[in-house]
Every structure is written in C-alpha cells, then in structure tokens.
2 protein chains.
Amino acid sequence: MRKNIFITALPLFLAASVFSQNKDSVVMRNIANEIMLRGECYSWLDYLSNKIGGRLTGSPQAAAAVEYTYQLMESIGADTVFKQECMVPHWVRGIKETAKILTTESGEYAVNICALGKSIATPLGGITAGVIEVHSIDELNKIGKTGIEGKIVFFNGAFDETEIRTFSAYGKAVIQRRDGASKAAKYGAVGTIVRSMTNTLDDYPHTGAMQYNDSFPKVPCCAISTIGAELLDKQLKLDPKTKFHFEMSCQMLPDEKSYNVVGEIRGSEHPDEYITIGGHLDSWDQGQGSQDDGAGVVQTLEVLRTFKALGIKPKRTIRFVMFMNEENGARGALKYAELAKQNHENQIAAIESDAGGYSPRGFGVDGTVDKRKKIVGWKDLFLPYGMYDFSGDEGGTDIEPLQKLGTVMIGLAPDSQRYFDIHHTAADTFDKVNKRELELGAAGVAMMTYLLSEYGVN
Amino acid sequence: MRKNIFITALPLFLAASVFSQNKDSVVMRNIANEIMLRGECYSWLDYLSNKIGGRLTGSPQAAAAVEYTYQLMESIGADTVFKQECMVPHWVRGIKETAKILTTESGEYAVNICALGKSIATPLGGITAGVIEVHSIDELNKIGKTGIEGKIVFFNGAFDETEIRTFSAYGKAVIQRRDGASKAAKYGAVGTIVRSMTNTLDDYPHTGAMQYNDSFPKVPCCAISTIGAELLDKQLKLDPKTKFHFEMSCQMLPDEKSYNVVGEIRGSEHPDEYITIGGHLDSWDQGQGSQDDGAGVVQTLEVLRTFKALGIKPKRTIRFVMFMNEENGARGALKYAELAKQNHENQIAAIESDAGGYSPRGFGVDGTVDKRKKIVGWKDLFLPYGMYDFSGDEGGTDIEPLQKLGTVMIGLAPDSQRYFDIHHTAADTFDKVNKRELELGAAGVAMMTYLLSEYGVN
C-alpha cells in the first residue's frame, strides 16, 4: 500500500508543483504585459522631475513630492494612504560655489566644485591654501600632521574601473567623501576637496553626504569634477606650491517636519505579515533626482497600479513606501522601522529600488540561509525578463533599519554601468531615463512582490 | 587494477579541468582589465562618428572609414592587413524629403519622413493621394485591389511592447518595411508610408532597407516618425478622405568599388583554422552610425589591440573584419564568404557584434548540437561580466553567408532596450554610446575569441 500511495502521490505532487509554477509564470507575464503596455511610471517620473524637480530634504520640492505621491496613491486606489511624520535635517547649498586653481606661473584656472551635503561653509571670501594630494585615507595617515597642517587635502582616489559592478568601485572610493574631512582636520587641514565619485571624465561635480566626527574641527569640504581633479593633479605635479581657492555658503538650518508617504493593500489571508516596497522621495538638489531615486518611487507606485489593474489580491499586506531623507540622514527610514517595531508589525520582507531605473539584472537578497534559499529559488521565473543575478546581498538604505526586526532585505539590481555618470549631479534629469528600462524594473519589483505576497518567506 | 586506474585517473582529470578553468579565468580577467583600463575603442568610435560621420555604402565617408580602419589595424600590429574588393550598390538620398498630411477640414500638417533605402524617388513635385491604413501585410491582402488602387498604403503596425527582447518586436514589424512597397504595388498602390521601426514615440523617421519584387511596379516608399504616424492615424479616423503628400529625390546610381578591411593574426598551432570576428563599416546616412555599427567595428579593433597588448598568441588564426555594405546589400559579407570558399579556408567560427555597444548580456550561438553545446559550456566563465544569456541563436548578417561552409555563427547579444530608440536615425550619434558598456561588449567578444582560438569548436 505504501508503495502504491507513493506512486500515486508523486505525480500529484509534481503536477501541483508544475501547476503552481505555471500559474506564477502566467501572473508574472500578465504583470509584465500590463506594465509594458499601460505603465504610467514614466509619465509620473516626468512630473516628479520636470514639474517638481530636485527634492532635497526640507525643500519646498520635497514637500510637493509628498503631496503628489500621497494623492497619486489615493487616486490609484490603495486601501489606505497615510503619512508618517518625522523631523529631518535641513541643509541648504546657498549660492553657487566657486573655486580656482592658483598656479605660480600660469595664472588661475576656474574649476567646477560643489559643497558636499552637511558641509559647513567657507568663511566669506573663501579659503585659499596650499594643497596636498592623497588617494586614500591610508595615504593621508602616512603623511600625518607635518605635511597636512594649514593645507587643503585633495582626495583624488579614482574609481577602480576593473570593478564590473560600478557600485563596488563606489563603495571603495566613497570613504574619502564620507570620512575625509574629519580625517584631514585631525591633522590640521583647513578644508578638503574630493574627486567626484564617478567612472566618467567630465565637468560635473558630484555631491553626496559626508559626516563630521565631533572630536575634530569641522572644515568645509567640496567635490571637484573629474576634469577639475585631473587638472589640479597635473598642476600639483608641475608645481607642488600650486594653491587652491574655494568659496561655499552652504549651511545647516534647524530640523524641519517632513513625512514618509505610505500606501497599503491589506492581505487577504495573512494581513499581519507585511511586505514593504519602496524608494526614496528626497534627492539631491543639483539635478531632478530622476534616476536617484525618482525611478524607485515611480516603480513602487507602478506596482500598486498594476496590482489594482490586474485585480491581484495579495495574501499578505503590502506597504508602498516613499521614504524621506535617504540622502542625508535616513530619518524617514529610521522612523518607518521605529513605528513598525512599536506596532509589532511582522515585516517579513522589504524590497527597495534605489540603484536607478536601468535594465534590471536581478536582486540582492539578504536574509537567513533558508529564507534566502527560498527567494533565490524563484530565480528561473525571472529569467525571461533578463533578471538572472541573485548573487548579491544588497538591500537598500531605507529598508536597512528593518533588518533588526528580522526582515529579509531585497534590493533591485539594475545594470550599473551608467549610474555613476550622473549620480548626484545636475545631469540626473528625466532625459537620462529610458521608458522600457524603467518599466522592466517596475515589472521586476512587482513580480517579486507578488511571489512574496503569495508564498511568504518561510 | 581497472578500479585503481579509475581512482587515480579521476582526480588527475579533475585537476586538469580545474587548472584549465583557472587559467582561462585569469586570461579573461586580464582581457577585461586591459580593456576597462586602457581600452581605445571609445576614442576610435569618437573619430569614426564625429570626424568621419555616417558611412552609407558608396559614400566618401565609407571610403574614409576603409582607410581609417586599414591604417589602424596596421598601426595596432596585425600580422597582415588587406582589403577585399567588392562592387557595392550606390543609393543616395538626395535633398531632404518633405511630407504633409492634407486634411479636408483643418488644413495641412507637415510630418517627418525619410526615404527607405533602395526606394525610387517620387516624381518632381511629389505624390498626393488618398491613404489606406493597414497594420500588416495580411490586412493589406484582405483589402485587395478595390480598396488600394491609386492610394498610398500606410503600414502602421507598431512594435509589440510585450516582447522583452526588442529585436523580436523588430523582427515581426519589419516585414512591412522590407516587403510592403511591392505587396502594395501589386494592388495598384502609388506609394507607401511605413511607421518607423521603434519602441519610442518621437519625431525621428527611421530609415532601413526595403526590397522591390520585380514582378510589380516600383513605387516610392518612406518611413514616417511615430509621432507623424499617430497623427496620420488620428486624422484618418476623423476623416478617411484625408490625403498625404510626399516628395523624395533619392536614386540608385551605378555600383561602386568598395572594400572589406581585414586584419589577421596567424594561429600558432592550427593556422588553418580561422575564427572571423567583425562588425560592419557602412551605416545609414542620417546619423553617425555610432551604435549601428560603429560599435561593432571598434570592438573588433579593440580585440586585436588587446591580444597584442597582452601578448596573447592565439593557437588558431583570427580574422578581424570590417564588413562593407551590411545595410543595403551585404555585398561585403557575400564577398568574404565567396573568397573563404574559393581559398578553402576552414572557417570554424565567426562572431559578429551588430546589435549596439550596450551592456553585453550573452551570445547567440548557431551551430551543430555538439558545437553549440561546447560553446554554451563556457557560459559560467562569462557570468562575472554580466553575460548570462546563451539561449538565442542570432549570429549576424555579415557572418551568415559563412554558414554554408559549416561555420558556427555567434552574435554578441547586448541589452536591447535602447537600441531601437535611435536605430537608423539622425539620433544614432556618438553621445548615445556609454564608454564602459562599449568596452564590456569588446571584452565579451575578446573573451569568446580567446576561448575559440584556444579550444576550437570540436
């Protein structure tokens, strides 16, 4: 009998598995078709970019984006839409920064710089000093106080172009931008210049967050375009007495009130299991924040629209979150996790899209071995859409605070080759986004959300 | 004893396999590093695009590109560089085409069109006629002579946006462009308009080759921008009596002499086994032919440079071929295969890059089951570089004539989302190419060339 049961049961089991695989393939195909044929994310991004613009935390544009996405989620038909209040830093750039290389023999060269986020201003009239060039914090430490005191430190460590994933090159180089000012101030530097975080040679200075260590004096710090960096490097090689002058009027104002915007579809079978998906609403001020991270915001909204349009009723609750203040504080992310903890929400998984609206190539997955295995097991379902790479474990800054609650972190991983060409610059504008690439990314997030809502993570 | 032999032999076999895998991984890593750090293909493409420009077969620019790449291969240090003479068609566009929609009630609308390659001109003063809109050849056949005679047929079949690979959408729609004129002329049409072959809605008309069937009258045929196509469709819906006027002065001149440009590195162990890699030197005239196919040309040259720079001495002979006349005749491709046959060359495999210099995602492979299996078996070696997809069998137009000789056809398969945005338009210019994406594609071709030259196809 046992043998018979086994023989009978096996095909049934297989049939069920094939059926479920087929059913999921069909739903995923429907999701892709809905988005590729009737997607609205591209026109929403047009609005967010061209009508609202750069959305630095605390700015009127950030406030406008809160209202825009709140109303959009209401009109799309989320079960509930609400805001989560949080206090956010309010840093402003002030008037356009200026800088020049002062050579001893060939006059002055104006170069393009911008203040790094959170930097203090220079004194009125700017700072002029000699320059010491380094390529890493290590090199800075080796030079020490004697060589650095009274000088401007020029961090000129470039991206490692042999890194195929550009985020790996960024990860290695960005330490100069983040920590450089205080590391240099420790040795008596009066300011810092950081080579822009990019693979390209062009004239855009790339801004981004830095952080001061309160143990050391705060010195003004700026990013210089890679063309400017090459010129400064060349001049310093010709004459180490070359000086640098820069003036910035940025300042930190008192904290402001702002919001995450949250939409929700309640789960039909396990409403107490939450899946959070999102991107960040704020951006840097120089461009339109189209790739970083308007793309992630509108892709999140597209998932909501697609679930409603196709009548998908998720078994688990889905939260669509527009996070505030990813770029210079992550206060929205912290607030979201704080409230989730306070309300005892069982946040089983979170997906962030914050690596640009380029062709999706896979997902980073960070969770326990078993949960990771389950999710990576869905990989073949994504292959027809060009998503093959589940090898990474990158989630995203906004979902990271949820990790303490045991949430599986999932990050959409788009093709990264073009991301740092425009990242944190005036060139991060709507025209840099390709409609189909953006939509395919949205389809990827929608498919992953569907599978998570259908099967959970255990 | 037998058992013992087996036990001893197995680890040895495994060790050899692991060793070879490691050696290949190292060579491939070196290839990628050489190209990402010191690649020159991007600056060569700058020259080909901005200094030479669009290289329509028979044009002075095509001739200049022959000389440029000939000299480049000599200076890079190919063992031999030679030209293969061939006679090529010489079609010229003439003065800029004009067109307008003539409504019965709301006046005229100028729209952007361009002649399709090989089309005849309109009579001086243009053609004006009523319009019949169809979306496929089938629909045309159903309407037949009574509905079509004396009219301009407007082929408005759009791309199927649910096709994830845009080349599949192109493949379905392009039949209208290729065969539409004669199919319509068969029923007495006086001209044809074809919706541009693209995923986007914009105002560029996309040219491309068409072919006349000598059994039917030749009628002038043009491509209309998708914005123009939408407008014409709308006007025809408002009033089927809407007319269309267009004027074109294109013409076919007598055949010209031109060339393939071929560089060669002789194989060290199997010089009589040939691996051909290439792209096409000619392009359409409206843009700079940067993605189609300047990218493939400079990637081919980059493979040559990289082999020389790294001192790779291939076991088999490698041919680096700049094919002439892919766009409107493939005469260079036919000549190359004809000479290969005449000279009894054992052309074991051919790689073409003619799908744009975008992030590479894999290769199409077309050969016998065993040969295909061997090549697809190398797949994991390409994964670290983002090339995962070996599922297709697309080779390339220029290498296709070699297939009769038993050559395995291999096509570089880049991400296809952006390709048809600019394909065959004035917008196919150098600024559309990303340096790292172009270089990664070159690295992919170089790695595949290396493996083929090392291991052959049997």
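Residues numbered from 1 in each chain as written. Chains lettered and ligands numbered in written order. Predicted model: local features only at pLDDT ≥ 70, side-chain atom pairs only at ≥ 80, totals over all residues. Heavy atoms only, no water.

1. Here's the deal with the packing of aromatic side chains
All names here are of chain A. Here is the rule we go by: Working definition: rings of Phe, Tyr and Trp (its six-membered ring) pair if their centres are within 6.5 Å, and the pair is stacked with planes under 30 degrees apart, edge-to-face with planes over 60 apart, and tilted otherwise. Working definition: helices are DSSP H or I runs of at least four residues, strands are E runs of at least two. Numbering for both runs from the N terminus. With a 1.4 Å probe rolled over the protein chains alone, any residue whose accessible area is under 20% of its type maximum counts as buried; one over 50% counts as exposed, and the rest are partly exposed. Charges are assigned to positions over rings by a cutoff of 6 Å between ring centre and Lys NZ or Arg CZ, combined with an angular limit of 35 degrees from the ring normal.
All told, the structure shown has 33 aromatic pairs over all chains when counted by the stated rule. Relative to F382, the ring of F363 has its centre 5.4 Å away and its plane inclined at 70 degrees; by these criteria the two rings are edge-to-face. Residue F363 is located in strand β14 (residues 360-366), and its partner F382 is located in helix α10 (residues 379-382); the two are separated by 19 residues in the primary sequence. As far as the burial class goes, F363 and F382 line up, both buried. Pairwise contacts between aromatic rings join F159, F167, Y170, Y358, Y419 and F420 into one cluster. Residue placement shows K83 over the ring face of Y259; its charged tip is 5.3 Å from the ring centre.

2. With respect to the interface of chain A and chain B
We count it as follows: In what follows, residue pairs with any heavy atoms lying within 4.5 Å of each other are defined as contacts. Computed with a 1.4 Å rolling probe, the buried area is the accessible surface lost when two parts are put together, summed over both parts. Here a salt bridge means any side-chain nitrogen of Lys or Arg lying within 4 Å of a carboxyl oxygen belonging to Asp or Glu.
Each side of the interface is counted separately: chain A has 26 residues, and chain B has 26 residues. Counting each side, the surface lost to burial between chain A and chain B is near 2300 Å², with a carbon and sulfur contribution of 50%. On the chain A side of the interface with chain B, the three residues burying the most area are I164, Q417 and R436 of chain A, jointly 28% of the side's total. Inspection of the chain A/chain B interface yields four salt bridges. Residue E161 of chain A pairs with R436 of chain B through a salt bridge whose shortest N-O separation is 2.8 Å.

3. Digging into the nonpolar core
The condition that has to hold: Here, nonpolar core refers to any group of buried Ala, Val, Leu, Ile, Met, Phe, Trp, Tyr and Cys residues whose side-chain atoms link them within 4.5 Å.
Formed by 70 residues in total, the largest nonpolar core has its most connected members in F363, I375, F382, M448 and L452 of chain B. Of all the elements, helix α12 (residues 435-455) of chain B adds the most residues to this core, at 11 residues. Of all hydrophobic cores here, the second largest spans 69 residues; its members include V66, Y68, A295 and M448 of chain A.

4. Concerning the pattern of salt bridges
For the structure shown, the criterion picks out 60 salt bridges over all chains. The partner of R361 of chain B in a salt bridge is D415 of chain B, with the nearest N and O atoms 2.7 Å apart. Taken as a pair, R361 of chain B in strand β14 (residues 360-366) and D415 of chain B in the loop between β15 (408-414) and α11 (419-422) lie far apart in primary sequence, 54 residues in all. The buried category is assigned to R361 of chain B, whose relative accessible area is 9%. Residue D415 of chain B is classed as buried on the basis of its relative accessible area, which comes to 3%. The structure contains a network of salt bridges with shared partners spanning E264, R266, D272, R319 and E345 of chain A.

5. Here's the deal with the sheet that holds strand β11 (residues 270-280) of chain B
Residues and elements named next belong to chain B. Selection rule: Strand pairing is assigned whenever DSSP identifies at least 2 bridges connecting the two strands. Here, axes are lines fitted to C-alpha atoms. For helices the fit covers the stretch in contact, and angles between N-to-C directions go from 0 to 180 degrees.
The strand order across the open sheet built from seven strands is β1-β10-β12-β11-β13-β15-β14, with neighbouring strands paired in mixed fashion. The open sheet has two free edges, formed respectively by β1 (80-92) and β14, since each of these has just one partner strand. With strand direction ignored, the average angle separating the axes of adjacent strands in the sheet is 20 degrees. As paired elements, strand β10 (residues 251-265) and strand β12 (residues 316-323) share five bridges and run antiparallel to each other. Its bridge partner lying in β12, I265 is registered against I318. Its contacts with the sheet place helix α7 (residues 290-310) against β10, β11, β12 and β15, and it is angled at close to 145 degrees to β11.

6. Thoughts on the relation of the copies chain A and chain B
Which entries qualify depends on this criterion: Least squares is the method for superposing the copies, and the C-alpha atoms it fits come from residues with pLDDT of at least 70 in both.
Each copy of the sequence occupies a distinct position, and chain A is placed on chain B by a rotation of 180 degrees and an axial shift of 0.0 Å, giving an RMSD of 0.0 Å. On this basis, the relationship between the two copies can be described by a two-fold rotation axis. Judged by C-alpha distance, Y388 of chain A is the residue of chain A that lies nearest the rotation axis, at 3.7 Å. Taken together, the interface assignments show that 100% of the residues at the interface of chain A recur at the interface of chain B, consistent with an identical surface on both copies.

7. Looking at the side chain of N156 of chain B
Relative to the assigned elements, N156 of chain B resides in the loop between β6 (152-155) and α5 (166-185). Every residue in contact with N156 of chain B, bar those within four places of it in the chain, is listed here: E133, V134, H135, Q176, R195, A229 and D233 of chain B.

8. Points about the sheet that holds strand β4 (residues 113-115) of chain B
All names here are of chain B. Taking strand neighbours across the sheet as the criterion, the eight strands line up as β3-β2-β9-β5-β6-β7-β8-β4 in an open arrangement whose pairing is mixed. Edge positions in the sheet fall to β3 (108-110) and β4, since each of these pairs with one other strand and no more. Averaged over all neighbouring strand pairs, the angle between strand axes comes to 30 degrees, with direction disregarded. Summarising the sheet, strand β7 (residues 191-195) and strand β8 (residues 221-224) pair through four bridges and their orientation is parallel. From the neighbouring strand, T192 faces β8, where its bridge partner is C221.

9. Re the state of the cysteines
Residue and element names in this part refer to chain B. How we decide: Working definition: a disulfide is two cysteine sulfur atoms within 2.5 Å of each other.
Per the counting criterion, the structure on display carries zero disulfides over all chains. Not engaged in a disulfide, the cysteine C250 finds its nearest cysteine sulfur in C221; these two sulfurs lie 8.0 Å apart. Given the relative accessible area of 2%, C250 is considered buried.

10. Digging into unusual backbone geometry
All names here are of chain A. In the segment running from D292 into D293, the intervening peptide bond is cis, with an omega of 5 degrees. One can find D293 in helix α7 (residues 290-310). You will see that K118, though not glycine, has its phi angle at about 85 degrees, which is positive. Note that K118 resides in the loop between β4 (113-115) and β5 (127-134). At H344, a residue that is not glycine, the phi angle is positive and equals roughly 50 degrees. Along the chain, H344 turns up in the loop between α8 (331-342) and β13 (346-352). Exposure remark for H344: the relative accessible area of 72% places this residue in the exposed category.

11. A short note on the pairing of β12 of chain B
Residues and elements named next belong to chain B. Rules: Crossover handedness is defined here as right-handed if the route from the first strand over the helix to the second strand goes clockwise, with the strands pointing away from the viewer.
Here β12 lies mainly inside the structure; eight of its eight residues are buried. Note: β11 against β12, eight bridges, orientation parallel. Along β12, the bridge assignment pairs H270 with R316. With α7 bridging β11 and its parallel neighbour β12, the resulting β-α-β unit is right-handed.

12. A word on the confidence of the model for chain A
Using the following cut-off: The score called pLDDT rates the predictor's confidence residue by residue, from a low of 0 to a high of 100.
Looking at chain A as a whole, the pLDDT averages 95, with 96% of positions reaching at least 70. The model gives residues 1-14 of chain A a pLDDT under 50, and that stretch makes zero contacts with residues more than four places away or in other chains.

13. Section: the packing of α7 of chain B against α12 of chain B
All names here are of chain B. Stated formally: For classification purposes, an angle smaller than 35 degrees is called roughly parallel, one larger than 145 roughly antiparallel, one from 65 to 115 roughly perpendicular, and anything else oblique. Whether a crossing is left-handed or right-handed is set by the direction in which the near helix is turned from the far one by less than a right angle, anticlockwise for left-handed and clockwise for right-handed. In the scheme used here, Gly and all other residues not listed as nonpolar or charged are polar, with Ala, Val, Leu, Ile, Met, Phe, Trp, Tyr, Cys and Pro taken as nonpolar and Asp, Glu, Lys and Arg as charged.
Where α7 meets α12, the closest approach of the two axes is 9 Å, and the angle between their N-to-C directions is 55 degrees. As judged from the angle between their axes, α7 and α12 are oblique. Crossing of α7 over α12 shows right-handed handedness. Within the contact between the two elements, α7 uses A295, V298, Q299, E302, V303 and F307 and α12 uses L438, G441, A442, V445, A446, T449, Y450 and S453. Considered class by class, the residues forming the contact of α7 with α12 number nine nonpolar, four polar and one charged.

14. Things to note about the environment of C221 of chain A
All names here are of chain A. For C221, the location among the structural elements is in strand β8 (residues 221-224). On the accessibility criterion, C221 (1% relative accessible area) is buried. The contacts of C221, once residues within four sequence positions are left out, are A115, L116, S119, A181, T192, M210, Y212 and M248.

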